[in-house]
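Single-letter residue listing:
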Amino acid sequence: MDEETKKLVDELISDRQKFNDFVYTPINEAIAELKKRGNDHNLCSLVDKSLLDNIPESIKNQKSMVLFRHVATPNYEIRRFMIAADGLDELHPVIFEYTADKFTNRNYWKYSLGRLFLHKGVNKNKEQLFDTKIIIDFNESNNKPLNTIKTKWGQSLVDFHREMFLNSFKKMSHT
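Attention here is on the structure that accompanies the text. Keep in mind the model is a prediction, meaning the values are calculated, not measured.

### Focus on the pattern of salt bridges
Here is step 1 of the chain: The tally for this structure, following the rule as stated, stands at seven salt bridges.
Here is step 2 of the chain: Ionic pairing is found between R37 and E33, a salt bridge with its closest N-O pair at 2.8 Å. Separated by four residues within a single helix, R37 and E33 lie in helix 3 (residues 27-38), roughly one turn from each other.
Here is step 3 of the chain: A salt bridge links D101 to K110, with the shortest nitrogen-to-oxygen separation between them at 2.7 Å.

### With respect to unusual backbone geometry
Here is step 1 of the chain: The backbone of K126 shows a phi angle near 65°, a positive value even though the residue is not glycine.
Here is step 2 of the chain: For K126, the location among the structural elements is in the loop between strand 3 (115-122) and strand 4 (128-134).
Here is step 3 of the chain: Exposure remark for K126: the relative accessible area of 70% places this residue in the exposed category.
Here is step 4 of the chain: We note that N143 has phi near 70°; this positive angle belongs to a residue other than glycine.
Here is step 5 of the chain: Examined against the element boundaries, N143 turns out to sit in the loop between helix 8 (138-141) and helix 9 (157-168).
Here is step 6 of the chain: Residue classification places N143 among the exposed positions, given a relative accessible area of 56%.

### Focus on the layout of surface pockets
Here is step 1 of the chain: There is about 660 Å³ of room inside the largest pocket.
Here is step 2 of the chain: Elements represented by at least two residues in the lining of the largest pocket include exactly helix 3, helix 4 (41-51), helix 5 (57-60) and strand 1 (64-69).
Here is step 3 of the chain: In terms of residue class, the lining of the largest pocket is made up of 10 nonpolar, three polar and six charged.

Cut-off values and rules
Residues numbered from 1 in each chain as written. Predicted model: local features only at pLDDT ≥ 70, side-chain atom pairs only at ≥ 80, totals over all residues. Heavy atoms only, no water. Salt bridge = Lys/Arg side-chain N within 4 Å of Asp/Glu carboxyl O. Helix = DSSP H or I, 4+ residues; strand = E, 2+ residues; numbered from the N terminus. Buried < 20%, exposed > 50% of the residue type's maximum accessible area, 1.4 Å probe, protein only. 1 Å grid on protein atoms, 1.4 Å probe; cavity = no way out; pocket = protein on both sides within 12 Å on 5 of 7 lines; lining within 4 Å. Points joined across faces, edges and corners; volume = space filled by probe spheres on them. Nonpolar A, V, L, I, M, F, W, Y, C, P; charged D, E, K, R; others polar.

Shown next as structure tokens:
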């Protein structure tokens, strides 16, 4: 890395606002750019040729904002995504899942699918209280596809999380 690039990286790392300004595009600018690209016939033609009609039906005929996750579950990240979607009438929220991916308890995100933190409230010091529930056998689940793992009560792990997700986000039940 040359000195100029190193200086820029150091500057971005040391100043959170500069980092955010460099990495993130304000939503209004992003929507304007999407509209501009949507009206570029050459670009649209190139995309159509490149994708060879392999566009998922859920996004084919509507402008969408997409999140990719192993399993859709109502965690804080997905709640934030859904809140952003609520404020954007122009874009339809879609979550694509990788349920055939293998489970490993070494991946924190996948591990959290089997270990739930249930919010119990706050204590007298206003600290958050959680109850932890282990819902799968971690040793038995390691290296198995997520969509084959069963909860301790025999329900598919993916179905369990989808059920929680759809109970939390009713308008997503049709996608």
